[in-house]
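Report on the structure
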Amino acid sequence: MPAIYAKILYTGKPNEIMNNVYIIFEKEKIVEITSNKPDCEIIAEGVVTPAFIDAHCHIGMARSGEPSTEGETNERMDSVNTLADAINAIYFDDKAFKESVEYGVLYSCVLPGSGNIIGGKGVIIRNFADNIEEAFIKSTGFKVALGFNPRRQLEWKGVRPSTRMGVIAILKRTLIKAKKEYALVQKGKKTIEEVDPNIEQLFPVIEGKEVLRVHVHKNDDILNLLRLRREFNLKVVIDHACDVNSEKIFQRIKEEGVPIVYGPVDAFPYKTELKNESWHNIGKLVRVKPLFGLMTDHPVILQRNLFLQLRFFRRFGMSKTECISIITDANARILGIDNILGTVERGKLASLIVWNGDPFSLESYPITVIAEGKIVYKA
């Protein structure tokens, strides 16, 4: 059983820090955290944090060193693609995976792009794996997009909306059809074999078991989403929300108990629906404090720079432990993997970053990265 000596341990919990402790693990899991020096090999020492989790990205789909024409983020065959799955468009020879691992970003939620109203299923993967079979952890709901992106793809195949009301109309039509078909199956008036497979995929959504990961930026589009959520009793996560410049909207989101995967923070606001985007909006998010995590939207922000975005949250008064929890514990909770990841504690996976100093200092960097009990990077 190897161990790591943590001069300082950021556990990933918002208000917890430990000093001078040993993290002991057996195989892939943490078995003990103790202040007593264990009788086993100490394989690394320094400041320790949990491995980082990117809660929204396109790594392996939009690939480093390849022309954009070979990217596979958006499928263009129709605006509703419930059978599409991000796992089938990821290549692990993407050079970005290596850099992510070197900076301690060991897990990704990879989603289809926002060009379609329903882009397909997302997936949570291990960045340090060799292939998709070894990488797969779990599916993570359907990618849905509101606002500008799905209405600007008029040259793509299938039924395409030209307005925001058209986007919602197509989404509602699809949900209504799924709800009706589900009811017929439940009443025994239709067998599952008679249901269109594209609609059948949405049955867990109608049941409230499967989450919709919704690309949405602007205040009014978010309010439209919240209304849809109530109308269809949907389980949703808001992805982005970068144009929200009103504490009132963040408060509404908090009241409805909808999580946010915020970001990307350092992206250029290249379209009208981002005209109110500003790093100052983070102050409003921090003051209201709904449940929120953080994304890179890689390659919009390179995934290796996930941690660097935390500087704005520090500026607006969040403690170091709170900041680290955004890309560990909070992201794990939003993604539904907090039973195995997100915090350093007994029974969870031994996925850890050992730093040569305070992670919030510019001269600090990971010197050892442990992924589920194995060293995957050493500086």
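The structure reproduced in this document is the subject of the present report. (Residues numbered from 1 in each chain as written. Predicted model: local features only at pLDDT ≥ 70, side-chain atom pairs only at ≥ 80, totals over all residues. Heavy atoms only, no water.)

1. Section: the overall build of the protein chain
Within the protein chain one finds 10 helices and 15 strands. Its C-alpha atoms give the protein chain a radius of gyration of 21 Å, within 12% of the compact-globule value 21 Å for 379 residues. When its C-alpha atoms are laid out on the principal axes, the protein chain stretches across 65 × 45 × 40 Å. Relative to its full complement of 379 residues, the protein chain shows a buried share of 55%. Put simply, 68% of the contacts in the protein chain that link residues at least 6 apart link residues at least 24 apart. Surface exposure of the protein chain reaches about 16,500 Å², of which carbon and sulfur atoms provide 48%. Averaging the positions of the 51 positive and the 48 negative side-chain charges in the protein chain gives two centres separated by 7 Å. (Helix = DSSP H or I, 4+ residues; strand = E, 2+ residues; numbered from the N terminus. Rg over C-alpha atoms; globule rule 2.2 N^0.38 Å. Buried < 20%, exposed > 50% of the residue type's maximum accessible area, 1.4 Å probe, protein only. Contact = heavy atoms within 4.5 Å. Areas by Shrake-Rupley, 256 points an atom, 1.4 Å probe, with all protein chains shown as cover. Lys, Arg positive; Asp, Glu negative; His and termini not counted. Charge placed at Lys NZ, Arg CZ, Asp CG, Glu CD.)

2. Points about empty space enclosed by the protein
Counted according to the given criterion, the structure contains 2 cavities of 30 Å³ or more. Along the walls of the largest cavity sit P50, A51, I53, L341, G342, T343, V344, L349 and S351, which together make up its complete lining. Looking at the lining of the largest cavity residue by residue, the class counts come to 6 nonpolar, 3 polar and no charged. Here the second largest cavity defines a volume of roughly 30 Å³. What lines the second largest cavity is simply L146, G147, R164, I168, D221 and N224. Tallied by class, residues from the lining of the second largest cavity come to 2 nonpolar, 2 polar and 2 charged. (1 Å grid on protein atoms, 1.4 Å probe; cavity = no way out; pocket = protein on both sides within 12 Å on 5 of 7 lines; lining within 4 Å. Points joined across faces, edges and corners; volume = space filled by probe spheres on them. Nonpolar A, V, L, I, M, F, W, Y, C, P; charged D, E, K, R; others polar.)

3. Description of the packing of aromatic side chains
Following the criterion strictly, the structure yields 11 aromatic pairs and no others. Ring centres of Y182 and F203 lie 5.4 Å apart, and the angle between their planes is 75°; on these two criteria the pair is classed as edge-to-face. Of the two residues, Y182 sits in helix α3 (residues 164–186) while F203 sits in helix α5 (residues 203–206), which places them 21 residues apart along the sequence. F203 shares its class with Y182; the two are buried. For the pair F292 and F313, a centre-to-centre distance of 5.8 Å together with 20° between the ring planes defines the contact as stacked. Note that F292 is positioned in strand β12 (residues 292–294) and F313 in helix α9 (residues 310–315), a separation of 21 residues in sequence. In terms of burial, F292 and F313 fall into one category: buried. One aromatic cluster in this structure is built from F52, F307, W355 and F360. R314 extends its terminal NZ or CZ atom over the ring of F360, reaching a point 5.9 Å from the ring centre. (Phe/Tyr/Trp six-rings, centres within 6.5 Å; stacked < 30°, edge-to-face > 60°. Lys NZ or Arg CZ within 6 Å of the ring centre and 35° of its normal.)

4. Some words on the pattern of salt bridges
As enumerated under the stated definition, the model contains 23 salt bridges in all. One salt bridge in this structure joins R213 and D239, with 2.7 Å as the shortest N-O distance. Linking R213 in strand β9 (residues 211–216) with D239 in strand β10 (residues 235–240), this pair joins segments that are 26 residues apart in sequence. Of the two residues, R213 and D239, neither departs from the other in class, the shared state being buried. Salt-bridge contacts for D358 lead to K320; the nearest nitrogen and oxygen are separated by 2.5 Å. Of this pair, D358 sits in the loop between β13 (352–355) and β14 (366–371) while K320 is found in helix α10 (residues 320–335), placing the two residues 38 residues apart along the sequence. With a relative accessible area of 23%, D358 lands in the partly exposed category. By relative accessible area, K320 is classed as partly exposed at 25%. Salt bridges here are not isolated pairs; linked through shared partners, they connect R229, R230, R252 and E256. (Salt bridge = Lys/Arg side-chain N within 4 Å of Asp/Glu carboxyl O.)

5. Remarks on the sheet that holds strand β7 (residues 118–126)
If you trace the 8 strands from one edge of the open sheet to the other, you get β5-β6-β7-β8-β9-β10-β11-β12, paired in mixed fashion. Strand pairing shows two members of the sheet lacking a second neighbour, β5 (52–57) and β12, which therefore form its edges. Each strand of the sheet is rotated relative to its neighbour by a mean of 25°, with strand direction disregarded. Of the pairings in the sheet, the one linking β5 to strand β6 (residues 105–110) comprises 4 bridges and is parallel in character. Its bridge partner being in β6, D54 is matched across the sheet by S108. (Pairing = 2+ DSSP bridges. Axes fitted to C-alpha atoms, helices over the stretch in contact; angles between N-to-C directions.)

6. A look at the nonpolar core
I222, I238, I260, Y262 and F313 are the most contacted members of the largest nonpolar core, which has 83 residues in total. The residues touching F313, leaving out its near neighbours within four places in the chain, are Y262, V265, I282, L285, V286, F292, L294, M318, C323 and I326. (Core = buried A, V, L, I, M, F, W, Y, C linked by side-chain atoms within 4.5 Å.)

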